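Results of the structural survey
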Amino acid sequence: MNSQILDKVVESGVCGIKKAELKKIFGNECEPSLAELTNDEKVIIDNKGIAHYVWTKENYLSHISQNDPKFKILSNLVKNLENSVNQMRSQTLPNANSDSSFQALFDDSISKLSSSIGWVQISIIREQVCESLGISQEKFYALASSLIESNQAKYEISTGGQEGITVRGMLHGYVRKL
């Protein structure tokens, strides 16, 4: 019977259906079903004038947003706040995630590719990291320079190689973790 009642409520749309109307159709046995549907948050029962009406959650929200000016204002404020949060999240999260995943891949590449004394060519690391993250060579070297500069106690760089990080006018093409 729950599904039949729910179907009638869905059919009623944004206007809702009177609880008394449901009782006429399904008899007094619909009370326990309505209570169960309300507990499961499938329907909402509220007053509209002097009568009790039944709506689905979505239709109830549409109904009160059309008919209650206070709710309409609050709903718009919440939507604006949600948009602002999403916009801030999209601006900050990708940078934070890419920096942390860059460092993880950079460190992992050093571990896997380093020689017996720990040194590895930065160009070899670049190939793997750029492919994995889908970043450009310029972006790689900008991130690598920033990472090494901010973690000088963790990394050591050495001159040599065909490409790398320029420090004080000298090309450093090798790196190792300390």
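Along each chain, numbering runs from 1 in the same order as the chain's sequence is written. Confidence filtering applies because this is a predicted model: local features only for residues at pLDDT of at least 70, side-chain atom pairs given and counted only at 80 or more, and all residues used for totals across whole chains, interfaces and linings. Side-chain numbers come from the whole structure's heavy atoms, not from hydrogens or water.

So, the side chain of S123
A helix here means a DSSP run of H or I that spans at least four residues, while a strand means a run of E at least two residues long, and both kinds are numbered starting from the N terminus. Within the fold, S123 resides in helix α6 (residues 122-133). Only protein chains enter the area calculation, which uses a 1.4 Å probe; residues under 20% of their type maximum are buried, those over 50% are exposed, and those in between are partly exposed. Among the residues examined, S123 registers a relative accessible area of 14% and is labelled buried. Leaving out residues up to four positions away in the same chain, S123 has contacts with Y141 and E163. When checking whether two residues touch, look at their non-hydrogen atoms; a contact exists if any pair is within 4.5 Å.

Structural notes on the nonpolar core
The tendency in soluble globular proteins is for nonpolar side chains to be buried as a group. Only buried Ala, Val, Leu, Ile, Met, Phe, Trp, Tyr and Cys residues count toward a nonpolar core, and they belong to the same one when joined by side-chain atoms within 4.5 Å. Among the nonpolar cores identified, the biggest contains 17 residues, and F102, F106, I110, I125, F140, Y155 and V175 are the most heavily contacted of them. Those elements giving two or more residues to this core turn out to be α5 (69-113), α6 and α7 (137-150). Per element, the largest residue contribution to this core is 6 residues, and it comes from α7. If we ignore the near neighbours within four places in the chain, the residues touching I125 are F106, S109, I110, V120, F140 and V175. Counting 10 residues, the second largest nonpolar core, distinct from the first, contains I5, I17, F26 and C30.

What about the pattern of salt bridges?
We define a salt bridge as a contact between a side-chain nitrogen of Lys or Arg and a carboxyl oxygen of Asp or Glu at a distance within 4 Å. Evaluated as defined, the whole model comprises 9 salt bridges. For D108, the salt bridge identified is with K112, shortest N-O distance 3.1 Å. Residue D108 and its partner K112 are both found in helix α5; the two are separated by 4 residues, about one turn of the helix. By relative accessible area, which is 33% here, D108 ends up partly exposed. A residue is classified by how much of its surface remains accessible, and K112, at 62% relative accessible area, is exposed.

Concerning the packing of aromatic side chains
Pairs were defined over the aromatic rings of Phe, Tyr and Trp, the Trp ring being its six-membered one, requiring ring centres within 6.5 Å. Orientation was assigned from the angle between planes: stacked under 30 degrees, edge-to-face over 60, tilted for the rest. Applying the stated rule across the entire model yields 7 aromatic pairs. Ring centres of F140 and Y141 lie 5.0 Å apart, and the angle between their planes is 80 degrees; on these two criteria the pair is classed as edge-to-face. Note on accessibility: F140 and Y141 belong to one class, buried. Pairwise contacts between aromatic rings join F102, F106, F140, Y141 and Y155 into one cluster.

Some thoughts on the sheet that holds strand β3 (residues 51-56)
One key point about sheets: their strands pair by backbone hydrogen bonds, in either a parallel or an antiparallel sense. Should DSSP find at least two bridges between two strands, the strands are regarded as paired. Strand order in the open sheet formed by 3 strands is β1-β3-β2, and the pairing between neighbours is antiparallel. Edge strands, defined here as strands with exactly one partner in the open sheet, are β1 (17-18) and β2 (43-48). Of the pairings in the sheet, the one linking β2 to β3 comprises 6 bridges and is antiparallel in character. Bridged to D46 within β3 is Y53. Axis definition: a line fitted to C-alpha atoms, limited for helices to the stretch in contact. Angles are taken between N-to-C directions and run from 0 to 180 degrees. Against the sheet, helix α1 (residues 2-12) touches β1, β2 and β3, its axis set at about 95 degrees to β3. This element, helix α4 (residues 57-67), spans β2 and β3 of the sheet and lies at about 120 degrees to β3.

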